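# A structural walkthrough
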Amino acid sequence: MVGNDEIRKALEVVIDPELHRSIVELDMVRSIDASPNGVVDVTVSLTTPGCPIKGHFQTSVADAVAKLDGVTHVNVFFDVLSDEQKSALQQKLGRGALPEGSLAQVANVICVGSGKGGVCKSTLTANVAAALSAEGKRVGVLDADVWGYSIPRMYGLGATRPAVSPQRKIIPLESHGVKVMSIGFFVEEDAAVVWRGPMLHKALTQFLQDVEWGVLDYLLVDLPPGTGDVSMTLAQLLPQARFLIVTTPQQTAQKVARRAAQMAEKVDLQICGVVENMAGFTTPSGERFAIFGEGGGVELADELDVPLLGRVPLTMPLRAQADAGTPLTIEDPDDPAAQAIRQTARGLIAIAPVQLPTLPLVEVVPPAAPAAPDESRKPVGMSLPMA
Ligand SMILES: Nc1ncnc2c1ncn2[C@@H]1O[C@H](COP(=O)(O)OP(=O)(O)OP(=O)(O)O)[C@@H](O)[C@H]1O
Ligand SMILES: [Mg+2]
């Protein structure tokens, strides 16, 4: 009779096409049961119940085991990894390995951060994304500021909850051609959301794994102020991300931004550029005031040896449009702040050209849309803590 070790050895040839490793190495072979009459039952654990590559496992496992002497028939069964097993798998794969499903078609991930609050990260993220979209790029914005989310308001979104696709993925809302996802779509406005580390990690993971981002040239991530938990979590989940640093011309802001840069370097996120915001104010009569001083942006960019992608002046319409829900780059592309932001977007295109990663060729048969009531159409994977 064929032994379990022999069967396990034979299963080493079965590769998970998304994770690029053998299902044995990934601990996805839950059980092997060989009977004396040559019938072998193998149970494989999947990451999600609706795993589109189930068919691949079915055939490859059956083929690999059927080749062994003494095997007359192979039954392949499936179950789903528990949350603990999933996190063990994630640890085994090292950072960033699991979100591949939803982000596989995203060419560039750019985190916008500063270390300091209120320097216009969110306004810039919303406007740069709109400008990239106006340049014909496919763009998404992930609002990672789970405590102080402001992206929905800047895009005039928030009244609708995102829908869930038949494949049980959350569909981002869309505004001015930009796909948008924010925690603000799931909580009552002004509700105080208390996040503990694991919940935060879970919510961000779900935003990356269970959102139908589709094909994107750029996914911009609006980071919260500071260099805390969120940045670390994202760095773990998104090793391919780059970091765009926002600062003001002021020395103190520049110091804080430098700390953010050091954090990014520590977690191996590549810094791709600096944007200086609040770079002076020009009165209607043409007089310019350097309200926040001069030179912080260029100094920081020189120090980090990255380009200064833009110097955005203070203008009232930039603030007004952020409050009104239409990005200024769309509403008035000729406003001086909008022009600087459009230049920043073009700089980003130059330093982060669109190169889609090559995907393994897997024939994906979309599962039939379930005729189940809406209630059962919850996204798979981890549920949003507040959903
Ligand atoms: N250059 C500018 N001209 C006019 N208003 C600006 C400018 N930069 C920022 N603002 C305004 O300042 C406020 C703070 O900006 P924003 O919310 O984008 O900052 P943030 O860095 O994302 O803040 P937080 O750290 O709280 O997330 C907003 O009302 C924004 O419209
Ligand atoms: Mg913000």
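Remember, predicted model here, so these are calculated numbers, not experimental data.

## Some details on the pairing of strand E9 (residues 178-182)
Within E9, five of the five residues are buried, leaving the element largely enclosed by the surrounding structure. Burial of E9 is two-sided: the residues Val 178, Val 180 and Ser 182 facing one way and the residues Lys 179 and Met 181 facing the other way are all buried. Bridge analysis of strand E7 (residues 139-143) against E9 gives five bridges, and the strand direction is parallel. Each residue of the ladder has a partner; that of Val 141, found in E9, is Val 180. Where strand E8 (residues 173-175) and E9 come together, three bridges link them in antiparallel fashion. Paired with Glu 174 across the two strands is Lys 179, which belongs to E9. Joining the antiparallel neighbours E8 and E9 is a turn of two residues, in which His 176 adopts a positive phi near 50°.

## What to know about helix H10 (residues 296-304)
Among all positions of H10, only Gly 296, Gly 297, Leu 300, Ala 301 and Leu 304 are buried. Viewed end-on, H10 has its buried residues packed into an arc of 125°, placing them on one side of the element. Residues of H10 that are exposed and angled more than 90 degrees away from the buried face: Asp 302 and Glu 303. Asp 305 sits one or two residues past H10 and shows a positive phi near 60°.

## Points about the nonpolar core
Counting residues in hydrophobic clusters, the biggest one holds 84 residues, and the most contacted among them are Ile 110, Cys 111, Val 221 and Leu 234. If one sorts the elements of this core by residue count, helix H5 (residues 121-134) sits on top with seven residues. Excluding anything up to four places from it in sequence, Val 221 contacts Val 109, Ile 110, Cys 111, Val 112, Leu 142, Ala 144 and Leu 234. Leu 11, Val 29, Val 44 and Phe 57 belong to the second largest nonpolar core, which has 15 residues in total.

## Observations concerning the environment of Leu 103
With respect to the element layout, Leu 103 can be found in helix H4 (residues 100-103). The class of Leu 103 is buried, set by 23 C-beta atoms lying within 10 Å. Once the C-alpha coordinates of Leu 103 and Leu 208 are considered, the two residues, 105 residues apart in sequence, prove to be 6.9 Å apart. With residues near it in sequence (within four places) discarded, Leu 103 still touches Leu 208 and Trp 213.

## Points about the sheet that holds E7
One open sheet accounts for eight strands, arranged E8-E9-E7-E10-E6-E11-E12-E15; its pairing is mixed. Since the sheet does not close on itself, it has two edges, and those belong to E8 and strand E15 (308-312), each with one partner. In this sheet, adjacent strand axes meet at a mean angle of 25° when their direction is disregarded. The pairing of E7 with strand E10 (residues 216-222) spans five bridges and is parallel. Pairing of Val 139 across the sheet is with Tyr 218, part of E10.

Rules used in this analysis
Residues numbered from 1 in each chain as written. Chains lettered and ligands numbered in written order. Predicted model: local features only at pLDDT ≥ 70, side-chain atom pairs only at ≥ 80, totals over all residues. Buried ≥ 20, exposed ≤ 12 C-beta atoms within 10 Å, placed from the backbone. Helix = DSSP H or I, 4+ residues; strand = E, 2+ residues; numbered from the N terminus. Pairing = 2+ DSSP bridges. Arc of directions from axis to C-beta. Core = buried A, V, L, I, M, F, W, Y, C linked by C-beta atoms within 7 Å. Contact = placed C-beta atoms within 7 Å. Axes fitted to C-alpha atoms, helices over the stretch in contact; angles between N-to-C directions.

Limitation: the analysis is restricted to geometry and does not speak to function.
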